[in-house]
Amino acid sequence: IVNNMTSRSFIQQIQKFIPVLSFHSHKGQAGKIGLVGGCREYTGAPYYAAISALKIGADLSHVFCSEGAGTAIKSYSPELIVHPVMSEGGISSSSSSAASPSSSHHEQDEVDAITKWFGALHCLIIGPGLGRDERMWRVVEKVMTEAKKKELPMVIDGDGINLLCKNIALIHGYKWAVLTPNVVEFKRLQDSFKSEQEKEENEKKKGKGKGGDEDKPNEKDVQELSRKLGNVTVVLKASDDVISDGSDSIARCDTTGNARRSGGQGDVLAGSIGTFLAWSREWSRDNEEEAQRVSTPFTVLAAYAGCTLSRTAGVESKHFKPFI
């Protein structure tokens, strides 16, 4: 577990890849983030994640959302570049219906409308406000597959995690991915690796009233899940955030945060981690020899930086007076 001494070491490693402001820099060098999410019902989540990426220090933030979400998200801020390129099919992701040949053709057009921007992006954030629409999920699955081919870093949050629970292979073994589940989403990920019999036994335990604190995920659970995912970095959002890439070392962010648990905080975290992950990826490419001497995986460092900063900002926010 990370102690205070290791925490200081983390901060020193993180400082290496934070861009230095310079009059010689040009637009985009400090990070270009793409967010895939946002549907008719959920327009706030993609806004919070995308705008947080900018507030952390990224230069540009794109939102690839459904047609029904585009106008609302555009109205929240002129700083965001909004692409309403996905269509909602009106079908729940729990449905077993298959896509028709004609709809598959149009879905590929939507995939292409997103992936054509990959060369202009440093990181993808998948899931905030995505919803459960089956058609959008199929598009996002293809986008994630293409992102892996390009080795584009990804932060997966919210309904992006629910999508993964139905198709773990999408992210298995991908070293440039960070998953940010809350406790409920974490248990769904765990269930993805369980047999039907194990799931039934767990349900019986719940019915008998067993559970409580002893049933909450712990550090070893996070480590074990990461290993099952092929050492993908997992951030369990809880009273203390627990971070693991499946190695023997487990990071815990216990920086004091805001006691409120309002909607949007996880989206802010996803956007924050996305920017740090983009910075670390670009720095490691430009400084290969020095990057090899960094002892902690960049996904873990980016996650720790995002958790620490988001928690600190949550505490500081109480000093700001409301607008109304």
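Relevant structure appears above.
Sequence order sets the numbering: in each chain, residues are counted from 1 along the sequence as written. Two thresholds apply to this predicted model, a pLDDT of at least 70 for residue-level local features and 80 or more for giving and counting side-chain atom pairs, whereas whole-chain, interface and lining totals are computed over all residues. Side-chain calculation: all heavy atoms of the structure are included, whereas hydrogens and water are not.

### Observations regarding the pattern of salt bridges
Spelled out, the test is: Every case where a carboxyl oxygen of Asp or Glu lies within 4 Å of a side-chain nitrogen of Lys or Arg is listed as a salt bridge. Helix numbers and strand numbers start at the N terminus; a helix is a DSSP run of H or I with at least 4 residues, a strand a run of E with at least 2. Summary of the burial criterion: residues with accessible area below 20% of their type's maximum are buried, those above 50% are exposed, and those between are partly exposed, where the area comes from a 1.4 Å probe applied to protein chains only.
For the coordinates displayed, the defined rule picks out 17 salt bridges. A salt bridge links Lys16 to Glu290, with the shortest nitrogen-to-oxygen separation between them at 3.4 Å. Remark: Glu290 occurs in helix H11 (residues 288-292) and Lys16 occurs in helix H1 (residues 4-17); sequence separation between them is 274 residues. Overall, Lys16 belongs to the partly exposed group, its relative accessible area being 38%. For Lys228, the salt bridge identified is with Glu224, shortest N-O distance 3.3 Å. Of this pair, Lys228 and Glu224 both sit in helix H9 (residues 219-228), four residues apart, roughly one helical turn.

### Focus: the sheet that holds strand E2 (residues 60-66)
The condition that has to hold: DSSP calls a pair of strands paired once it identifies at least 2 bridges connecting them. In this description, a line fitted to the C-alpha atoms serves as the axis of each element, helices being fitted only across the stretch in contact, and the angle between N-to-C directions of two axes falls anywhere from 0 to 180 degrees. We call two residues in contact whenever any of their non-hydrogen atoms come within 4.5 Å of each other.
Read from one edge to the other, the open sheet built from nine strands follows the order E3-E2-E1-E4-E5-E6-E7-E8-E9, with strand pairing classed as mixed. The sheet is open, and its two borders are formed by strand E3 (81-86) and strand E9 (251-253), each paired with just one other strand. Neighbour to neighbour, the strand axes of the sheet diverge by 20° on average, direction disregarded. In terms of strand pairing, strand E4 (residues 123-126) meets strand E5 (residues 154-156) through three bridges, oriented parallel. From the neighbouring strand, Leu124 faces E5, where its bridge partner is Met154. Across the sheet, helix H10 (residues 265-286) is in contact with strand E1 (32-36), E4, E5 and strand E6 (177-179); its angle to E4 comes to roughly 160°.

### Some remarks on helix H6 (residues 159-166)
Within H6, six of the eight residues are buried, which leaves it mostly tucked inside the rest of the structure. Buried within H6 we find Asp159, Gly160, Ile161, Asn162, Leu163 and Leu164. On its buried side, H6 packs onto E4, helix H5 (134-149), E5, E6 and helix H7 (183-191).

### Describing unusual backbone geometry
Positive phi is not limited to glycine here, since Glu151 has a value of about 55°. One non-glycine residue, Asn231, lies in positive phi territory at about 65°. As for its placement among the helices and strands, Asn231 is situated in the loop between H9 and strand E7 (233-236). Residue classification places Asn231 among the partly exposed positions, given a relative accessible area of 41%.

### What to know about the side chain of Asp267
So the rule is basically this: The charge count includes Lys and Arg as positive and Asp and Glu as negative, but it does not include His or the ends of the chains.
Here Asp267 is to be found in helix H10. There is no salt bridge for the buried Asp267, and the closest opposite charge comes from Lys237, which lies 6.8 Å off by N-O distance. Non-local contacts of Asp267, meaning those with residues more than four positions away in its chain, are made with Ala45, Tyr48, Ala49, Pro128 and Asp157.

### A closer look at the pairing of E2
Counted only if it meets this: Every crossover in which the path from the first strand over the helix to the second runs clockwise, viewed with the strands pointing away from the viewer, is termed right-handed.
Burial of E2 is extensive: six of the seven residues sit out of reach of the surface. With five bridges connecting them, E1 and E2 associate as parallel partners. Directly across from Val36, in E2, lies its bridge partner Phe64. Two elements, E2 and E3, share five bridges in a ladder whose sense is parallel. Within E3, the position partnered with Ser66 by the bridge is Met86. Crossover E2 to E3 through helix H3 (residues 67-76) is right-handed.

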